[in-house]
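Below are the chains, spelled out letter by letter.
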Amino acid sequence: MNALNSIFSFRSFRSRLIVFLLGILIPVLGGIFYYVNRNNNEYTEETINSYLELGADVFDYTREQQALTLQAITNSLTGDFGFRTAYAAQDPATLFDAALNILDRSLDNADMLLIVDLDGRVVIDTETQGFDELEGSWRELIDAADASEDGRSDMIITIEGRPFQLIALPLYLPRQVAWIIGGFSLDGEFVNRVAETTVSEVSIIKLELSRQAAGSKPSVIVSTLIESNQTALAQQLVFEESQIAGLQRISFSTQDYASLLRRLYGEEGDALQVFAVIQRSYDENIENVVQFRSLLIQFYLLVLVISLLAVLLLARSITTPLSKLAAVVKKIEEGDYGRSVVVASRDEIGELADSVNSMARGLAEKEKVRDLLGKVVSHQIAEQLLNNPVELGGEERVATILFSDIRGFTSFCEGMPPKQVLKALNTVLSKISDIVESHQGVVDKYSGDAVMALFGVPIKGESDTANAMAAVLEIVAALKETDSRLSACVGINTGNVVAGNLGSSNRMNYSVIGDTVNLAARLESLTRLYNVSNIVSEASMNDAKDFVYRELDEVCVAGKSQSVRIYELICEKDKLTDRQAEEIRKFESALHCYRAQDWEQAETLFSELQGKCDNAQLCQVYLDRITNFRVKSPGQDWQGAFVFGSK
């Protein structure tokens with residue numbers, strides 16, 4: 001029901017009238033157009049079919065007339081005394097000359113003659129095909145003539161790739177002593193003659209059925225079509241018996257043709273079948289139909305235009321004030337709440353205008369609140385507070401917490417006036433905030449030169465932890481570019497938090513609380529001890545696999561009884577250098593010996609690494625611990641975790 005209402009809802013009365021008009025006219029005019037067009041197409045199909053049937057009859061008639069002429073020519077040999085005498089004398093040379101003389105006098109009605117004895121041995125062959133004894137289709141032709149009552153048979157046989165219409169007749173001296181086979185080629189000259197008579201395209205197609213594999217291989221023997229159209233014809237023709245009797249539509253590159261097949265040789269299932277294809281262009285036969293269709297479309301368009309003009313004039317008095325109202329609402333939608341609409345009428349449209357004006361004033365007040373709130377908290381938190389009930393409480397969510405501090409800021413600001421200190425601080429915090437928000441993070445609060453940012457609340461993303469890692473790398477790089485005396489201290493942790501409105505009923509703040517937040521803050525404070533720009537918890541590292549990390553330590557921070565492994569975020573995987581990879585590998589080896597309480601080997605590895613790496617202080621932390629552990633052993637059950645007693 002809702003979908004139906006959305007379809008038939010309109011934004012203007014003018015649209016409603018236009019749709020109503022079109023809803024009536026289009027089905028009526030469309031039905032008339034369909035009926036007329038269908039009848040015209042059926043008439044065109046019938047006309048083309050009659051043309052093609054006539055063309056096929058002309059093709060058969062031409063072939064039969066030439067076959068009768070060929071029979072007469074062949075019969076003339078059987079009654080020629082000289083020819084009979086030469087055959088009786090077994091004089092092949094005279095027989096060959098006589099046959100060629102007959103072909104010259106045939107006026108192109110005969111193209112070859114072949115004489116074979118009763119055993120099927122070739123006596124003469126004007127085509128000199130090179131076989132001495134009849135076989136295959138040639139033998140079938142003779143066998144058919146021998147089995148017929150009048151001793152005559154005809155067949156189409158391919159000679160050197162060209163189809164020939166052949167006739168076999170007996171030679172009597174006075175009893176039958178041989179067979180005379182005469183034929184004429186169904187070549188380009190023949191199909192051109194038929195094409196000129198029928199004003200159609202004529203082709204002869206050979207269909208060979210493969211015995212080794214299912215399917216057929218049609219090929220064009222001769223055609224009046226261009227070569228590219230011949231290929232398309234062979235590919236598109238359907239030779240099923242149910243399709244042969246009717247018209248087939250063949251698409252060429254420039255136009256479509258109606259095609260009619262006429263079987264010349266073979267039956268369904270035979271290994272060799274030959275077809276004549278008569279074709280006429282649809283375009284040549286539907287010019288009148290297209291012209292009439294064009295006139296009909298023009299008339300329909302004229303009717304639609306006149307009807308639309310009438311509707312527009314009728315609706316103008318109503319739609320003009322509505323259009324003004326819509327324009328003002330559009331401006332309000334774009335944020336211009338100072339607009340108002342003036343409508344003189346006091347009907348429903350006037351009441352609607354008053355409501356729109358009241359709505360604009362309300363939105364202006366709300367926008368002021370939104371703008372002020374957006375400057376105090378992040379845009380996402382502002383939206384959360386404005387779009388949801390404002391009440392104390394929250395919900396458990398999985399989020400990534402980022403704590404960022406500025407190392408060296410106190411000494412950097414030493415001696416500066418307070419206003420200049422505040423300006424420098426706001427510059428740095430603006431950069432950090434922009435970076436956090438560019439990676440879909442939310443700045444929760446500022447505390448001096450420290451920033452707390454959230455990833456995953458209040459809006460959950462697909463890769464919040466990875467976004468946080470990318471933000472860390474960019475924050476570190478941004479502070480280096482700002483001033484060489486400043487550097488970043490960032491702590492990252494991922495886990496369950498409680499997100500919601502905290503505080504009192506009179507004053508509240510949207511934030512997150514929980515052990516995940518506390519650990520992130522502790523990790524940020526540890527960056528100074530290990531002399532690194534960032535420390536990432538194991539949970540965050542596991543949730544962002546596309547980055548390279550170095551394991552720093554396993555620690556129990558103040559206030560926690562369970563140890564966690566901490567890591568330093570190095571870079572993205574595709575940006576890792578060979579030097580960084582080697583340093584990470586050596587540090588892992590030293591850390592392994594340290595946890596195995598192999599103090600001597602661990603001290604050696606850390607000492608070697610201290611002289612080569614950029615973070616000598618990190619190695620010194622472990623060298624100091626090794627010195628203490630040699631005096632006071634951590635015990636055999638020690639797993640490598642270091643416990644911090646204070647924050």
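What counts, and where the lines are drawn
- Residues numbered from 1 in each chain as written.
- Predicted model: local features only at pLDDT ≥ 70, side-chain atom pairs only at ≥ 80, totals over all residues.
- Heavy atoms only, no water.
- Helix = DSSP H or I, 4+ residues; strand = E, 2+ residues; numbered from the N terminus.
- Buried < 20%, exposed > 50% of the residue type's maximum accessible area, 1.4 Å probe, protein only.
- Contact = heavy atoms within 4.5 Å.
- Areas by Shrake-Rupley, 256 points an atom, 1.4 Å probe, with all protein chains shown as cover.
- 1 Å grid on protein atoms, 1.4 Å probe; cavity = no way out; pocket = protein on both sides within 12 Å on 5 of 7 lines; lining within 4 Å.
- Points joined across faces, edges and corners; volume = space filled by probe spheres on them.
- Nonpolar A, V, L, I, M, F, W, Y, C, P; charged D, E, K, R; others polar.
- Phe/Tyr/Trp six-rings, centres within 6.5 Å; stacked < 30°, edge-to-face > 60°.
- Lys NZ or Arg CZ within 6 Å of the ring centre and 35° of its normal.
- Salt bridge = Lys/Arg side-chain N within 4 Å of Asp/Glu carboxyl O.
- Axes fitted to C-alpha atoms, helices over the stretch in contact; angles between N-to-C directions.
- Parallel < 35°, antiparallel > 145°, perpendicular 65-115°, else oblique.
- Left-handed = near helix turned anticlockwise from the far one by under 90°.
- Patch = residues over 30% accessible without salt bridge, like charges linked within 9 Å, V, L, I, M, F, W, Y side chains within 5 Å.
- Polar contact = N/O pair within 3.5 Å; in protein donor to acceptor, adjacent residues only side chain to side chain.
- Expected span 1.5 Å × (residues − 1).
- Arc of directions from axis to C-beta.
- pLDDT = per-residue confidence, 0-100.
- Core = buried A, V, L, I, M, F, W, Y, C linked by side-chain atoms within 4.5 Å.
- Pairing = 2+ DSSP bridges.

Asks: Residue-level account of the overall build of the chain, with values.
Replies: Scanning the chain from terminus to terminus reveals 20 helices and 19 strands. For the chain, buried positions account for 42% of its 647 residues. Counted over contacts in the chain with a minimum sequence separation of 6, partners at least 24 positions apart contribute 61%. Here the chain displays about 35,200 Å² of accessible surface, and carbon together with sulfur accounts for 52% of that area.

Asks: Give me the lowdown on the layout of surface pockets, citing residues and values where you can.
Replies: Each pocket or cavity is described by its volume, and for the largest pocket that value is around 640 Å³. Lining the largest pocket are 21 residues, and of these Lys480, Ser533, Arg550, Glu568 and Ile570 lie nearest its centre. Broken down by secondary-structure element, the contributors of at least two residues to the lining of the largest pocket are helix 15 (464-482), strand 14 (487-503), strand 18 (564-572) and helix 18 (578-595). Considering only residue class, the lining of the largest pocket consists of eight nonpolar, six polar and seven charged.

Asks: Explain the packing of aromatic side chains to me, using residue names and the numbers behind them.
Replies: Under the criterion given, the structure shown has 15 aromatic pairs. Measuring from ring centre to ring centre gives 6.0 Å for Tyr594 and Trp599, while their planes differ by 65 degrees; the resulting arrangement is edge-to-face. Among the aromatic residues, ring-to-ring pairing joins Phe587, Tyr594, Trp599, Phe606, Tyr622, Phe629 and Trp638 into one connected group. Lying across the ring of Tyr622, Arg625 places its NZ or CZ 5.1 Å from the centre. Sitting over the ring of Phe642, Arg625 keeps its end group 3.8 Å from the ring centre.

Asks: Can you lay out the pattern of salt bridges for me, pointing to particular residues and giving the numbers?
Replies: Using the criterion set out here, one finds 19 salt bridges in the structure. Here Asp117 ties to Arg121 by a salt bridge, and the two come within 3.1 Å at their closest N and O atoms. Taking relative accessible area as the criterion, Asp117 reaches 14% and is therefore assigned buried. Residue classification places Arg121 among the partly exposed positions, given a relative accessible area of 43%.

Asks: Which residues make up the packing of helix 18 against helix 19 (residues 599-610), and what are the values?
Replies: Running from N to C, helix 18 and helix 19 cross one another at 155 degrees; their axes reach a closest spacing of 8 Å. Our classification of the angle between helix 18 and helix 19 gives roughly antiparallel. As for how helix 18 packs across helix 19, the hand of that crossing is left-handed. Side by side, helix 18 and helix 19 meet where Glu583, Lys586, Phe587, Ser589, Ala590, Leu591, Cys593 and Tyr594 of the first sit next to Trp599, Gln601, Ala602, Leu605, Phe606 and Leu609 of the second. Taken together, the residues of the contact of helix 18 with helix 19 break down into ten nonpolar, two polar and two charged.

Asks: Tell me about a nonpolar patch on the surface, and please be specific about residues and values.
Replies: Where nonpolar side chains cluster on the molecular surface, the patch consists of Phe20, Ile24, Val28 and Ile32 and spans about 380 Å² of accessible area. Here Phe20 shows up in helix 2 (residues 13-78). Judged by relative accessible area, Phe20 falls into the exposed class, the value being 57%.

Asks: How would you explain the side chain of Ser203 if you had to name every residue and give the values?
Replies: Take Ser203: it is sitting in strand 6 (residues 201-209). Residue Ser203 is classed as buried on the basis of its relative accessible area, which comes to 0%. In this structure the side chain of Ser203 is engaged in a polar contact, spanning 2.5 Å, whose partner is the side chain of Ser223.

Asks: Outline helix 4 (residues 92-104), listing residues and values.
Replies: Over its 13 residues, helix 4 extends 18 Å from the first C-alpha to the last, a length consistent with the 18 Å expected when each residue adds 1.5 Å. Listed in full, the buried residues belonging to helix 4 are Leu95, Ala99, Ile102 and Leu103. Down the axis of helix 4, the buried side of the element spans an arc of 100 degrees, and every buried residue falls inside it. Of the exposed residues in helix 4, those oriented more than 90 degrees away from the buried face are Asp97 and Asp104.

Asks: Hey, could you go over helix 19 for me, with residue numbers and the actual values?
Replies: A rise of 1.5 Å per residue sets the reference length of helix 19, with its twelve residues, at 16 Å; its end C-alpha atoms lie 16 Å apart and thus fit the reference within 8%. Within helix 19, the full set of buried residues consists of Trp599, Ala602, Phe606 and Leu609. Angularly, the buried residues of helix 19 cover 100 degrees about the axis, an arc narrow enough to put them on a single face. The inward-facing, buried residues of helix 19 abut helix 18 and helix 20 (616-631).

Asks: Describe the packing of helix 19 against helix 20, listing the residues and the values that go with them.
Replies: Two elements in contact, helix 19 and helix 20, have axes separated by 9 Å at closest approach and are oriented at 160 degrees. Viewed along their axes, helix 19 and helix 20 adopt a mutual orientation that is roughly antiparallel. Like other packed secondary-structure pairs, helix 19 and helix 20 cross with a definite hand, here left-handed. Along its contact with helix 19, which presents Trp599, Glu600, Ala602, Glu603, Phe606, Ser607, Leu609 and Gln610, the element helix 20 presents Ala616, Cys619, Gln620, Tyr622, Leu623, Ile626, Phe629 and Arg630.

Asks: Now, about the confidence of the model for the chain: what can you tell me, with residues and values included?
Replies: Regions with low pLDDT should not have their predicted coordinates read in detail. For the chain, per-residue confidence averages 80 on the pLDDT scale, and residues scoring 70 or more make up 85% of the total. Of all helices and strands in the chain, the one with the weakest mean pLDDT is helix 1 (residues 2-7) (52), whereas strand 16 (residues 534-537) scores best (95). The low-confidence segment residues 372-377 (pLDDT under 50) makes five contacts with residues lying over four places distant or belonging to another chain.

Asks: How would you summarise the nonpolar core if you had to cite specific residues and measurements?
Replies: Nonpolar side chains in soluble globular proteins generally cluster together in the buried interior. By size, the foremost hydrophobic cluster in this structure holds 58 residues, and its most contacted members are Phe59, Trp138, Leu166, Ile181, Ile204 and Leu264. Leu425, Val436, Val443 and Met541 belong to the second-largest nonpolar core, a separate cluster that totals 36 residues.

Asks: Tell me what's going on with the sheet that holds strand 1 (residues 112-117), and back it up with residues and numbers.
Replies: The sheet built from five strands is open, its strands ordered 2-1-5-4-3 with antiparallel pairing. Sheet topology places strand 2 (122-125) and strand 3 (153-159) at the edges, where each strand pairs with a single neighbour. Ignoring strand direction, the axes of neighbouring strands in this sheet form an average angle of 25 degrees. The pairing of strand 1 with strand 5 (residues 176-185) spans six bridges and is classified as antiparallel. Paired with Val116 across the strands is Trp179, a residue of strand 5.

Asks: Can you break down unusual backbone geometry residue by residue, with the values?
Replies: Residue Pro458 is reached from Val457 by a cis peptide bond, and omega for that bond is -5 degrees. Summarising the element assignment, Pro458 is placed in the loop between strand 13 (450-455) and helix 15. In this model, Gln440 sits at a positive phi of 60 degrees, which is unusual for a non-glycine residue. When you line up the elements, Gln440 lands in the loop between helix 14 (418-438) and strand 12 (442-447). Of note, the phi angle at Asn531 is positive, near 55 degrees, even though the residue is not glycine. As for its placement among the helices and strands, Asn531 is situated in the loop between helix 16 (515-530) and strand 16. Taking relative accessible area as the criterion, Asn531 reaches 31% and is therefore assigned partly exposed.

Asks: Residues and numbers for the pairing of strand 1, please.
Replies: Along strand 1, six of the six residues are buried, which leaves the element largely enclosed by surrounding structure. The two faces of strand 1 match: Met112, Leu114 and Val116 on one face and Leu113, Ile115 and Asp117 on the other face are all buried. Bridge count for strand 1 against strand 2 is three bridges, and the pairing is antiparallel. Note that in strand 2 the partner of Val116 across the bridge is Val122. Here strand 1 hands over to strand 2 after four residues, with Gly120 in that stretch at a positive phi of 85 degrees.

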